[in-house]
Amino acid sequence: MIKKEVFIGLIVGIIANAMGLFLAALLLGRGDNVTTVIRAAATEGFLGKLISIGAILNLVAFFIFIKKRQDYRARGVILATVGIAIFTFIFKFL
């Protein structure tokens, strides 16, 4: 049961980060297509920063789970955030 709750939080964290990345690319893209903005970010070397901005929505998901006393789901969101931070760190140095 606990593993299921953490897994749900992990999935919510990944989806929230993806939505945040999409919104950040949409808002910061100056009217360009989202895929164009993400490709440009990758070639210009600031994709990691864009992903980090997208992780802000994980805060929202985390605090919603905390407020609802769904602590294990909140742990899953934290795991997703840490995983995305590690991915961004590795991506930046490769």
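The structure presented is a predicted model; accordingly, all values stated were derived computationally and were not measured. (Residues numbered from 1 in each chain as written. Predicted model: local features only at pLDDT ≥ 70, side-chain atom pairs only at ≥ 80, totals over all residues. Heavy atoms only, no water.)

Asks: Report on the packing of helix α4 (residues 56-67) against helix α5 (residues 71-93), specifying residues and quantitative values.
Replies: The N-to-C vectors of α4 and α5 enclose an angle of 160°; their axes lie 8 Å apart at closest approach. It follows from the interaxial angle that α4 and α5 lie roughly antiparallel. Two packed elements cross with a definite hand, and for α4 against α5 that hand is left-handed. When α4 is examined against α5, the residues N58, A61, F62, F65 and I66 are found in contact with a partner set consisting of D71, R73, A74, V77, I78, T81 and I84. When grouped by side-chain class, the residues that make up the contact of α4 with α5 number eight nonpolar, two polar and two charged. (Axes fitted to C-alpha atoms, helices over the stretch in contact; angles between N-to-C directions. Helix = DSSP H or I, 4+ residues; strand = E, 2+ residues; numbered from the N terminus. Parallel < 35°, antiparallel > 145°, perpendicular 65-115°, else oblique. Left-handed = near helix turned anticlockwise from the far one by under 90°. Contact = heavy atoms within 4.5 Å. Nonpolar A, V, L, I, M, F, W, Y, C, P; charged D, E, K, R; others polar.)

Asks: Which residues make up α5, and what values go with them?
Replies: Counted at 1.5 Å a residue, the expected span for α5 with its 23 residues is 33 Å, and the 33 Å between its end C-alpha atoms agrees. For α5, the complete set of buried residues consists of A74, G76, V77, A80, I84 and T88. On the buried face of α5, the contacting elements are α1 (2-28), α3 (47-54) and α4. (Expected span 1.5 Å × (residues − 1). Buried < 20%, exposed > 50% of the residue type's maximum accessible area, 1.4 Å probe, protein only.)

Asks: Go over the environment of I64 with me, naming the residues and quoting the values.
Replies: As for its placement among the helices and strands, I64 is situated in helix α4. Separated by 58 residues in the primary sequence, I64 and V6 have C-alpha atoms spaced 15 Å apart.

Asks: Run through a nonpolar patch on the surface, naming residues and quoting values.
Replies: A cluster of nonpolar side chains, contributed by L27, L28, I53, I56, L59, F63 and I66, occupies part of the molecular surface with about 710 Å² of accessible area. At the level of secondary structure, the elements contributing two or more residues to the nonpolar patch comprise α1 and α4. Per-element accounting of the nonpolar patch gives the leading share, four residues, to α4. Take I56: it is sitting in helix α4. (Patch = residues over 30% accessible without salt bridge, like charges linked within 9 Å, V, L, I, M, F, W, Y side chains within 5 Å. Areas by Shrake-Rupley, 256 points an atom, 1.4 Å probe, with all protein chains shown as cover. Salt bridge = Lys/Arg side-chain N within 4 Å of Asp/Glu carboxyl O.)

Asks: Which residues make up the confidence of the model for the protein chain, and what values do they have?
Replies: Residue-level pLDDT values for the protein chain average 91, and 100% of them are 70 or greater. Per-element mean pLDDT across the protein chain ranges from 87 in α3 up to 95 in α4. (pLDDT = per-residue confidence, 0-100.)

Asks: How would you explain the side chain of N17 if you had to name every residue and give the values?
Replies: By the secondary structure assignment, N17 is in helix α1. Under the relative-accessibility criterion, N17 is labelled buried at 7%. In this structure N17 touches I51, G54, A55, N58 and I84, once residues within four positions along its chain are discounted.

Asks: Quick one: what's the story with α3, residue by residue and with numbers?
Replies: Working note: α-helix, 3.6 residues per turn, so residues spaced by three or four point in the same direction. Among all positions of α3, only L47, G48, L50, I51 and G54 are buried. Down the axis, α3 shows its buried residues gathered within 160° of arc, on one side only. Where α3 is buried, its residues meet α1, α2 (34-44), α4 and α5. (Arc of directions from axis to C-beta.)

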